[in-house]
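Spelled out, the chains give:
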Amino acid sequence: MPELPEVEVLVRHLQQVLPGRRVAKVSVIREKSVRPNKAAEFAQALLRHRFDTVQRRAKFLIFTLSAKSFELSLIGHLGMTGRIYVQKKTAPLPKHAAVVIELDRGRFVFEDTRYFGRMTLDRTCLNNLGPEPLSNEFEWKTFHRGLQHSGQAIKVRLLAQDLVVGVGNIYACEALFRAGIDPRATSSQLTREQVRHLQRCIQETMAEAIALGSTLPLDLAGTESTDGLFYFGQKRGVNTYEERLLVYGRKGEPCYRCQAKIQRIVQAARGTFFCPRCQTRRIRNRPQSRGWRRARRSVKSHPLWGSRVAQW
DNA sequence: CACCATGTTCCTTG
DNA sequence: CCAAGGAACATGGT
């Protein structure tokens, strides 16, 4: 269940639940899910340690544990379909449980249907990551400099995790729509104004998603068939949050801003959704023009958008 | 059967 | 050597 906002909301939840609990037993059910450590050494190292903190860096979860004077970091990545939760010892294990850690109270479960996720004690995966999008380190001048050296399409470039972390396929589409930038535009062709605008749109997209996800009734304890995903929100009777996304998954549907049909194309083997009228490759001299501000207000005042997100 | 899916890494190509 | 493109990983939903 990744992308930065989903991981952030999960981390905040786990930080409330996990600290203080001790590791009683470690079962690596899917050996490949523990890399590059060996399953046996991984399990042995964690034994009898106590969870202290839960943090996030990019889409990684970082658990710190200690035993007497020994400290260690457990790093997790959810891949495409990973979930992490603490369940009751009596609850049944999920079909695709990858790593199970029995605690003094309850059970830590890392399940992963497609097994693209992983757990490790090796911190080197945290090297070479770009700045956090919601930190001061995400600075538009550096962002601009990085983009100028690239001939890749901007949408593809955003996914590389070196100029900025945490932006995945869905939020890349959303941020580019908000910024009015064609996902096919060559990175180096973006103007300084477009880059500055895109930087702010990425931050808005992330911040609003975290804020929204913090209030939805997510199944962070792994008890239901629902999960901790909130790209599409939750289906709860009449209260449907499905239309929260502005372009992703809306192929053929009318753009909320201009009614043109949303297009789906493939870039780097991933689906990209965009509005062919609102998102242009052309360089806009005045990206903050009155017309554009009016358009963004109209997007935000769409009944299914404003009611759920504008409150933040 | 066809096509789609939230991510990253490795290999090949130019 | 480098940048960019594509396959691979693995399973399930529609």
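Residues numbered from 1 in each chain as written. Chains lettered and ligands numbered in written order. Predicted model: local features only at pLDDT ≥ 70, side-chain atom pairs only at ≥ 80, totals over all residues. Heavy atoms only, no water.

Attention now goes to the sheet that holds strand 5 (residues 82-87). Reading across from one edge, 1-6-7-5 is the order of the four strands in this open sheet, with antiparallel pairing throughout. Taken across any chain shown, the strands that pair with only one partner, and hence form the sheet edges, are strand 1 (23-28) and strand 5. Adjacent strand axes in the sheet meet at a mean angle of 15°, parallel and antiparallel pairs treated alike. Here strand 5 runs beside strand 7 (residues 107-112); their pairing, made up of six bridges, is antiparallel. Across the sheet, the residue bridging to Tyr85 is Val109, located in strand 7. Sheet strands in contact with helix 2 (residues 39-46) are strand 1 and strand 6 (97-103), and its direction is about 170° off that of strand 1. (Pairing = 2+ DSSP bridges. Helix = DSSP H or I, 4+ residues; strand = E, 2+ residues; numbered from the N terminus. Axes fitted to C-alpha atoms, helices over the stretch in contact; angles between N-to-C directions. Contact = heavy atoms within 4.5 Å.)

Along the chain, the position of His144 falls in helix 3 (residues 140-148). Among the residues examined, His144 registers a relative accessible area of 11% and is labelled buried. Among all residues touching His144, those that are not within four sequence positions of it are Leu190, Thr191, Arg192 and Val195. (Buried < 20%, exposed > 50% of the residue type's maximum accessible area, 1.4 Å probe, protein only.)

Let us look at the nonpolar core. Counting 35 residues, the largest nonpolar core has Phe63, Ile84 and Phe108 as its most contacted members. For this core, the element with the most residues is helix 1 (residues 4-17), which contributes five residues. Aside from chain neighbours lying at most four places away, what touches Phe63 is Leu14, Leu18, Phe51, Thr53, Val54, Leu72, Ser73, Leu74, Ile84, Phe108 and Met119. (Core = buried A, V, L, I, M, F, W, Y, C linked by side-chain atoms within 4.5 Å.)

Quick look at unusual backbone geometry now. Cis rather than trans, the peptide bond between Arg35 and Pro36 has omega equal to -5°. Phi is positive for Tyr115, which is not a glycine, with a value near 60°. Looking at where Tyr115 falls in the secondary structure, it is placed in the loop between strand 7 and strand 8 (118-120). On the basis of relative accessible area, Tyr115 is assigned to the partly exposed category, the value being 21%. Despite not being glycine, Ala269 has its phi angle at roughly 65°, a positive value. Tracing the backbone through its elements, the reader meets Ala269 in the loop between strand 11 (263-267) and strand 12 (270-274). The class of Ala269 is exposed, set by a relative accessible area of 72%.

A few words now on the pairing of strand 2 (residues 50-57). Strand direction decides the pairing type here: strand 2 and strand 3 (residues 60-67), joined by seven bridges, are antiparallel. Following the sheet pairing, Arg50 is matched in strand 3 by Ser66. Between the end of strand 2 and the start of strand 3, which pair antiparallel, lie two residues, with Ala58 showing a positive phi angle near 55°.

Moving on: the packing of helix 3 against helix 6 (residues 192-213). For the pair helix 3 and helix 6, interaxial distance at closest approach is 9 Å and the crossing angle is 120°. For the crossing formed where helix 3 meets helix 6, the hand is right-handed. Contacts from Trp140, Phe143, His144 and Leu147 of helix 3 reach helix 6 at Arg192, Val195, Arg196, Leu198, Gln199 and Ile202. (Left-handed = near helix turned anticlockwise from the far one by under 90°.)

Here we take up the protein's contact with DNA strand C. All residues in the neighbourhood of DNA strand C are listed as Arg30, Lys32, Lys95, His96, Thr113, Arg114, Tyr115, Phe116, Ser150, Gly151 and Gln152. By atom count, sugar and phosphate contribute 63% of the portion of DNA strand C lying within 4 Å of the protein. In the environment of DNA strand C, a phosphate oxygen lies 2.8 Å from a nitrogen or oxygen atom belonging to the side chain of Lys95. Gln152 places a main-chain nitrogen or oxygen 3.5 Å from a phosphate oxygen of DNA strand C. (Near = heavy atom within 4 Å. Polar contact = N/O pair within 3.5 Å; in protein donor to acceptor, adjacent residues only side chain to side chain.)

With that settled, consider helix 5 (residues 169-179). Judged by how many residues are buried, helix 5 sits mostly within the fold: 11 of 11 residues are covered. Within the sequence span of helix 5, burial applies to Asn169, Ile170, Tyr171, Ala172, Cys173, Glu174, Ala175, Leu176, Phe177, Arg178 and Ala179. Residue Gly180 follows helix 5 closely and has a positive phi angle near 70°.

One pass over the full model with this rule turns up 13 salt bridges. Put simply, Glu132 and Arg57 hold a salt bridge, and the shortest N to O gap is 3.0 Å. Of the two residues, Glu132 is situated in the loop between strand 8 and helix 3 and Arg57 in strand 2; the sequence distance between them amounts to 75 residues. A relative accessible area of 22% places Arg57 in the partly exposed class. A salt bridge links Glu102 to Lys89, with the shortest nitrogen-to-oxygen separation between them at 3.5 Å. Taken together, the residues Glu102 in strand 6 and Lys89 in the loop between strand 5 and strand 6 connect sequence positions 13 residues apart. Taking relative accessible area as the criterion, Lys89 reaches 39% and is therefore assigned partly exposed. Here the salt bridges do not stand alone but share partners, grouping Glu8, Arg12, Arg56, Arg57 and Glu132 into one network. (Salt bridge = Lys/Arg side-chain N within 4 Å of Asp/Glu carboxyl O.)

To continue, consider the environment of Ala39. For Ala39, the location among the structural elements is in helix 2. On the accessibility criterion, Ala39 (11% relative accessible area) is buried. Contacts of Ala39, omitting those with residues within four sequence positions, involve Val28, Glu31 and Val34.

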